[in-house]
Amino acid sequence: MTAQWQERVSLKPFNTFGIDVSARFFTQAHTDDEVRAALASAAQRELAVLVIGGGSNLLLTQDIDALVLHMASRGRRVLGEQGDRVVIEAEAGEPWHPFVQWSLAQGFSGLENLSLIPGTVGAAPMQNVGAYGVEIKDVFAGLTALDRETGELRDFTLDECAFGYRDSVFKRNPGRWVILRVRFALARALQAHLDYGPVRQRLHEQGVEQPTAQAISDAICSIRREKLPDPLDLGNAGSFFKNPLVSVALAEQIRARYPGVVAYPQGGEQMKLAAGWLIEQAGWKGYRDGDAGVHRLQSLVLVNYGQATGAQLHALACKIQADILERFGVELEMEPNLY
Ligand code: FAD
Ligand code: NAP
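Cut-offs used in this document
Residues numbered from 1 in each chain as written. Chains lettered and ligands numbered in written order. Predicted model: local features only at pLDDT ≥ 70, side-chain atom pairs only at ≥ 80, totals over all residues. Heavy atoms only, no water. UniProt positions renumbered as here; feature names shortened; annotations may be inferred. Helix = DSSP H or I, 4+ residues; strand = E, 2+ residues; numbered from the N terminus. Buried < 20%, exposed > 50% of the residue type's maximum accessible area, 1.4 Å probe, protein only. Near = heavy atom within 4 Å. Polar contact = N/O pair within 3.5 Å; in protein donor to acceptor, adjacent residues only side chain to side chain. Areas by Shrake-Rupley, 256 points an atom, 1.4 Å probe, with all protein chains shown as cover. Nonpolar A, V, L, I, M, F, W, Y, C, P; charged D, E, K, R; others polar. Expected span 1.5 Å × (residues − 1). Contact = heavy atoms within 4.5 Å.

### Here's the deal with the UniProt feature "active site" (unreviewed entry) in the protein
- This chain's UniProt record puts "active site" (unreviewed entry) on Arg166, Ser239 and Glu335. Spanning 170 residues, the annotated positions come together in the fold, the maximum distance between their C-alpha atoms being 11.0 Å.
- As for its placement among the helices and strands, Ser239 is situated in strand E13 (residues 235–239).
- Given a relative accessible area of 28%, Ser239 falls into the partly exposed group.

If you want it as structure tokens, here you go:
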């Protein structure tokens, strides 16, 4: 089955920054066959293809001279038991947060700390999404992808995904595989991760002393709603920079000058610095140039006040990078995928 293609489509509703660039061609895929058909037609016409989900980790800096393939497949299911775990699976186009809520409603634990992350199931492995001390690699049970080089379906194991901090084999080889569905191995009994940021404190404030997975999810949702701008109100792509990993020696040099630096040991000779702290310390919090800015509460988040272009947001990000390098000797890496 071939889905309809549209020509010259604005991508504004398809990226959470709300950037108004257009796609030369646009189509949606609800099934594996539609993905295959779209790729085959694009290849015939010698067109590049950009696969998107919820558009919540994109910075679109120009019109996209390609076929934009929006993953719209739906479906989620319990596959069965694997030891003391339950394996569930969802199609790539399933919205992430409702999928997490569905898993909790089945009585399964493991995804609760990843509540309220925007986007789709299929994009989650791209950067091994993580929040509040949990990453998908912790509960990952496999995925099925279409290899665009061979045209074959391939199942990936945990090791084959080569997950790292906001990183994976998929992120390092952009465009090579279309992720079709993802599997997770969850627990029936709660394995709580509460030692991160304000989670335990929030549960305590809510009077919850013996939390369920759903209560942890609710607490995390309430923290996130307070701290993060909702893309429906203010365009953004979440954290714009990754937290940098630096040598212990550099972290200590910075601490000598700035005793308040937020740094977490990573084992071995590395420390993770909070990029948000560095940016705030450098005076960027709340900065605004035209419609491109740094969020007033969360300096890791760049925002579009309305008409900012991707190029303006990118220019702002480059200025911040250069300033942080000069002040602290630390290189910040951008997290969203730039096109
Ligand atoms: P898109 O932005 O559509 O795509 C991202 C990349 O994946 C692109 O390169 C695209 O080509 C590729 N891609 C998409 N789908 C597929 C597919 N099926 N197969 C192959 N490639 C594909 N991230 C975190 O890790 N933790 C957080 O806590 C978090 N919080 C956020 C909060 C806010 C308010 C926002 C706006 C973003 C946040 N993010 C967070 C970033 C983002 O939500 C995640 O990275 C999410 O997984 C992106 O999903 P998406 O469907 O929107 O991907
Ligand atoms: P936060 O709780 O204010 O913490 C600031 C930074 O310190 C975070 O970036 C986090 O790193 C790190 N941190 C906090 N407690 C830690 C601990 N116990 N051990 C190691 N590192 C710790 O952060 P926030 O901005 O409000 O975000 C909360 C969580 O949601 C974080 O995990 C963050 O990554 C995630 N989040 C991600 C995005 C995104 O777009 N990627 C957007 C919003 C929120 P880590 O980021 O490495 O976890």
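### Digging into the site of ligand 1
- Contacts to ligand 1 come from 36 residues, most closely from Val51, Gly53, Ser56, Thr120 and Tyr339.
- Between ligand 1 and Tyr339, the relevant distance is 2.7 Å, taken from an oxygen atom to a side-chain nitrogen or oxygen of the residue.
- For ligand 1, whose free accessible area comes to 980 Å², the fraction covered by protein is 94%.
- Elements supplying a minimum of two residues to the shell around ligand 1: strand E3 (49–52), strand E8 (130–131), strand E12 (177–187) and E13.
- When its residues are assigned to classes, the shell around ligand 1 shows 20 nonpolar, 14 polar and two charged.

### Comments concerning helix H9 (residues 310–328)
- Compared with an ideal rise of 1.5 Å per residue, which puts 19 residues at 27 Å, H9 spans 27 Å between its outermost C-alpha atoms and is within 8% of the ideal.
- Close packing links the buried residues of H9 with strand E4 (58–59), helix H7 (248–257), helix H8 (275–281), strand E18 (292–294) and strand E19 (301–304).
- Gly329 sits one or two positions beyond H9 and adopts a positive phi of about 70°.

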